[in-house]
Each structure stands twice: as structure tokens, then as C-alpha cells.
Amino acid sequence: MSQLSAAASCPPILPLKHGDIEGTATLPLSDYHAIDQQLLHKIAYDALVWSSLHGLVTGDKSVERSGSVPGVGLVHAPFTLFPASFPRSHWKQACELAPVFNELVDRVSQDGEFLQDSLSRTKKVDEFTSRLLDIHSKMLELNKKEGICLGLHRSDYMLDEQSKALLQIELNTISSSFAGLGGLVTELHKKLIIGRHHHIGWFLLRNMLSHYGELLGLNSDRIPSNTACNQFVDALAKAWCEYNDPRAVIMFVVQADERNMYDQHMLSLALRERHHITSVRKTLAQIDQEAELLPDGKLFVDGQAIAVIYFRAGYTPLDYPSESEWRARLLMEKSSAIKCPSISYHLAGTKKIQQELAKPGVLERYLENKDDIVKLRKCFAGLWSLDESDITKRAIERPELFVMKPQREGGGNNIYGGAVRDTLIKLQKAGSQEDAAYILMQRIFPTSFATFIMRSGCCHKNHAISELGIFGTYLRNRDKVILNEQSGYLMRTKISSSDEGGVAAGFAALDSVYLT
Ligand SMILES: Nc1ncnc2c1ncn2[C@@H]1O[C@H](COP(=O)(O)OP(=O)(O)OP(=O)(O)O)[C@@H](O)[C@H]1O
Ligand SMILES: [Mg+2]
């Protein structure tokens, strides 16, 4: 039998890898652990078929040109076979925080001085942040105020095992991904649990309904629905309406070699189908070539008026290989098109600002509601700047209790474990300002559990931990807040031995929530 047909009839189930179970013999194992192998093969097979049929896919990096050519070289996105348990009370807590964080970002973004001052030391040593701040300064000089502000955010949390506290990892204000594919995994998990009753007659339905669900002891009602895609699209459409130019389109700013493009195309498609709004995709380099800014602030790209600029690129220095990309970013910022995010929303989502907001008395400058402030503080993990010498001393002694973070997005940039100690010692010896590039954060340790991760057609049994992201949408036109909502979620699960957590970056798998 060829490899292909072997895989087609029976996805291989790879056992726990040695590295994954080191020192974890006492881990709590979920009920899935004892699942019958034949049943597991069947479920894995059904899940793979479903994911291909429903577009739960990404570009395949092993196939050349796959990134930019739709329909060429696809692979299913990594996903878990079953949803991850999450306590209902913490779920509710995370959902309730979304509108409060939306409001906080909006308020902070309007305090240009706070953004500039908080990042002034970072600016000296971090070229990328410095360039963003330069654009922000230019807008302050021009006294440019964004009339219409659109935020599509995702606040990420982990549940700390020891303290039982829901703690925020970070808040993403630019390119918050997986509103599209994340919802598909929710749907997939619900379908697997409900079973295959669509294909069978009523007589059989009685016996087959909750087919896998019953066998696994799972109830699909416990998986909260996930309308992130529609809610993101509705927010984009509302912003488009506020811009009030029926001929204008929504522009997705994208990376040339994006692999996670189907997550973005789901939004474009829903924009067209739900709202009859056209969207176009442009790289920063194309925008530099094709954009024209009219004296009245209107932005045209390739002759097309732009109402909303939705950034799915521009968050990493890699997106700016030349001056051309920075020119494009500045030109867009100068325009009257609605930017998601504006430069000030982007800066409000940096890790340095997260750390500044956690200092005593800072939240009070931006929010009036005392209950909201208490709610936010409760989810703040320990956050420090490296000029706090008692904390750096402690981090050198116990580096495993900390994460060191530069001002970067997109995963793979943080420093963990022994490297925290080495980096801190190196920075101290150098005696330079380099330390301002980083913040220190308390390391959060979620409970580990056994799960099945589907990756490249194979089912891997792993010990894993989860991270819950809650999407939020916000739209304000001058004094009027038009939208401020929690908007679906993204559950990500990664093997417990991995430090980083990105799905697109290759560390984690898409998951959904099973409320307990
Ligand atoms: N304090 C922490 N404790 C434990 N793990 C952490 C902590 N901070 C970050 N991580 C892990 O590292 C991953 C990346 O961290 P973070 O989200 O801060 O960086 P990022 O580059 O902005 O990632 P993203 O692409 O998700 O926006 C997280 O998804 C999480 O798995
Ligand atoms: Mg991030």
C-alpha cells in the first residue's frame, strides 16, 4: 500500500514523544487518554476530511510559491481533535474583560505624550519601535486626529495552575489573527461530538445522534459558539459605512509570503457575502508603488478609493525590508482612510505599554469605572521594566519564573529559562541602554493535560497547555462609540514543553473551549 492510501484510510497516531513526558508522569490525564485506538483513527479521519472540505487550511511551506498563490500547496491548519476544558467562571471573566480592554486601548491611544514618554528609552535601542514612534510624532506635529477609530483586538490569557488566576499574556492591537480559522475549529469540534446525523435517516438518527459525543462523554452544548469571523467582518463593514463613500473598498495590507492567508480570505469572503463590500489585498511595497494621497486626505491605491486599511502585515521589522515599506506606512497614516490599527493603537499594544499600564495609579488616568479597573488589575501578571534592580536580581537567581520580552509581535521572540539569566548578565556587563528593549514578565504555568494534536495529517498524542484569546471589536466615530463588544475567541493548545505559543509560527494548534 502506498503511503498516501495508508494515510487516507488511517491517519497515523504518533505516541507521546519522550521529550513531552519528561517529568510529567504525575500529570492529570483527561478521559481521552483511554480512548479506543480504532475509534480515534475514525475520528481523526473524519476531522481531516472536514477540515479540508471547510477550508481549515493554510499554505504549505514545503510547497514552493504556496504562500502567495491561492489553491496551490495547502495543508490543514494544526488543530486539536477535541476541545480543551476551561472553567466557566474564568471564561466569563475573560469575556467580560474584552470591552474594558477595548476602551482602555482607545483612551491610551489618545494620550500621545504617554505613548512617547513610556517608549522613549526603548526608542533609543530598538530601531523598529523608533520608526513607529517617528510616524506617531509626525502625526502629533500635524495635529492629526483620527476621526474614526477601529480596533480588532485579541487579548490572550493563561490560567495559572497554582494561583487559579486568569492572567493576561498580552493584548494584540495589530493583525489579531485566527478570527476566521478559529471559528472553524469550534464548528469542527461541535460536529465531531454531535456525530454524523446529517447523513442518516431519522430512524438511525436516534441511535447515532451524539455518536462520538456519547462515546467520549462530551456534550457539544458545552462548547461556546464562536462568531469571531462574522463579528470582525461586521465591525469592518460598520467602519466602512461610517467612512461613507460607496465606491471605496477595504484594503487588506498583507505579507507577500503569507501562509495564513485563508484566515484572511474568510474575512474577505464574508465581507462580500454579508455586506457586499469589496476588499483588495496589497503588500506594503505595492502600496508604496500604487498609492496616491489627495490633498483632502483621500487615499487611492491603484486608482481605487480606500475606506478602511486592515493591517495583516506591518507588525514585524521583517515587513519593512526597505524604505519603500516605511514610506507606505507613513502615507497611509497621513490619509483619512480608517486604519485598523492607527499608529497610536499599534503603539498602545506594545509590551512596554502593557508593563506601564500595570504600574500603580496608571489605569486610573484612563478609566473612570472603579469596577472595571479592579477587573483589569486582577488579570495583570507581574510586569517589570529592567531598570528595577531587585527584580533583575531575582530573575538572574530564578530565571525559570520569568519571561523576557522584546517589543515584537508574531511569536518566537521571547526569552525563557537559562537564556533569561544569560541575557540579563550580558546586558548588565555591557552597561548600555539595551535593557530598555525588553520587559520582564512573571511566567505563567497553566495546568498540563493530555490531548491529540493533528498536524500534517498525523495525530500526535501530547501533554499540552492552553491559551485563551478573546477577540474584541471597537468602533468610535468622534464622540460616538458605535461598537464595543466581545467578539468570539481563539483557543490555542501547545505541547507543554514548548515555550512559544503561535499557531502560524508553528508552535501551537487551534483548539476550542469546553466549559466545565
Ligand atoms: N508570561 C508568560 N508565561 C508563560 N508563557 C508565556 C508568557 N508570555 C508569553 N508566553 C508564551 O509565549 C507566546 C508568545 O508570547 P506573546 O504573545 O507575548 O508574543 P507575541 O510575539 O506577541 O505573540 P503573538 O504572535 O501571539 O502575538 C504566548 O502565546 C505564550 O504561549
Ligand atoms: Mg502579540
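Look a little higher up for the structure.
Residues numbered from 1 in each chain as written. Chains lettered and ligands numbered in written order. Predicted model: local features only at pLDDT ≥ 70, side-chain atom pairs only at ≥ 80, totals over all residues. Heavy atoms only, no water.

**Description of the pairing of strand E12 (residues 304-311)**
Part 1 of the argument: Counting buried positions along E12 gives seven out of eight residues, so the element sits mostly inside the fold.
Part 2 of the argument: Where strand E8 (residues 249-253) and E12 come together, five bridges link them in parallel fashion. Residue pairing across strands places Val253 opposite Phe311, the latter belonging to E12.
Part 3 of the argument: Pairing between strand E11 (residues 299-301) and E12: two bridges, direction antiparallel. (Buried < 20%, exposed > 50% of the residue type's maximum accessible area, 1.4 Å probe, protein only. Helix = DSSP H or I, 4+ residues; strand = E, 2+ residues; numbered from the N terminus. Pairing = 2+ DSSP bridges.)

**As for the site of ligand 1**
Part 1 of the argument: Contacts to ligand 1 come from 24 residues, most closely from Glu170, Lys351, Lys405, Gly411 and Glu467.
Part 2 of the argument: In this structure, an oxygen atom belonging to ligand 1 sits 2.6 Å away from a side-chain N or O atom of Lys351.
Part 3 of the argument: Considered on its own, ligand 1 offers 600 Å² of accessible surface; in the complex 95% of this is hidden by protein.
Part 4 of the argument: Counting only elements with at least two residues in the shell around ligand 1, the list comes to strand E6 (148-159), strand E7 (166-172), strand E15 (402-406), strand E17 (438-442) and strand E20 (480-495).
Part 5 of the argument: Among the elements that make up the shell around ligand 1, the one with the highest residue count is E7 (three residues).
Part 6 of the argument: In terms of residue class, the shell around ligand 1 is made up of six nonpolar, six polar and 12 charged. (Near = heavy atom within 4 Å. Polar contact = N/O pair within 3.5 Å; in protein donor to acceptor, adjacent residues only side chain to side chain. Areas by Shrake-Rupley, 256 points an atom, 1.4 Å probe, with all protein chains shown as cover. Nonpolar A, V, L, I, M, F, W, Y, C, P; charged D, E, K, R; others polar.)

**As for the coordination of the magnesium ion (ligand 2)**
Part 1 of the argument: Note on the magnesium ion (ligand 2): its protein donors are Glu170 (OE), Glu170 (OE), Asn172 (OD1) and Glu409 (OE). The metal-donor distances range over 1.9 to 2.7 Å.
Part 2 of the argument: Around the magnesium ion (ligand 2), the six donor atoms are arranged such that angles at the metal cover 52 to 174°; this shape is classified as irregular.
Part 3 of the argument: The sequence motif formed by the donor residues of the magnesium ion (ligand 2) is E-x1-N-x236-E. Taken together, the residues span a long stretch of sequence, with Asn172 in strand E7 and Glu409 in the loop between E15 and strand E16 (415-416) at a distance of 237 residues. Both residues of the pair, Asn172 and Glu409, count as buried. (Donors = N, O, S within 2.8 Å, 3.2 Å for Na, K, Ca; no water. Tetrahedral: all angles 85-135°; square planar, octahedral: opposite > 155°, others 65-115°.)

**As for the side chain of His76**
Part 1 of the argument: Assignment of secondary structure puts His76 in strand E3 (residues 74-76).
Part 2 of the argument: On the basis of relative accessibility, which here comes to 10%, the residue His76 falls in the buried class.
Part 3 of the argument: At 3.2 Å, the side chain of His76 and the backbone nitrogen of Ser456 are in polar contact.
Part 4 of the argument: Sequence-distant contacts of His76, that is, excluding residues within four places in its chain, are made with Leu48, Ser51, Leu56, Val57, Met454, Arg455, Ser456 and Gly457. (Contact = heavy atoms within 4.5 Å.)

**Structural notes on a nonpolar patch on the surface**
Part 1 of the argument: Nonpolar side chains collect at one region of the surface, where Tyr45, Val49 and Leu53 lie side by side and expose about 290 Å² of accessible area between them.
Part 2 of the argument: Secondary-structure assignment places Tyr45 in helix H3 (residues 37-53).
Part 3 of the argument: For Tyr45, a relative accessible area of 36% puts it in the partly exposed group. (Patch = residues over 30% accessible without salt bridge, like charges linked within 9 Å, V, L, I, M, F, W, Y side chains within 5 Å. Salt bridge = Lys/Arg side-chain N within 4 Å of Asp/Glu carboxyl O.)

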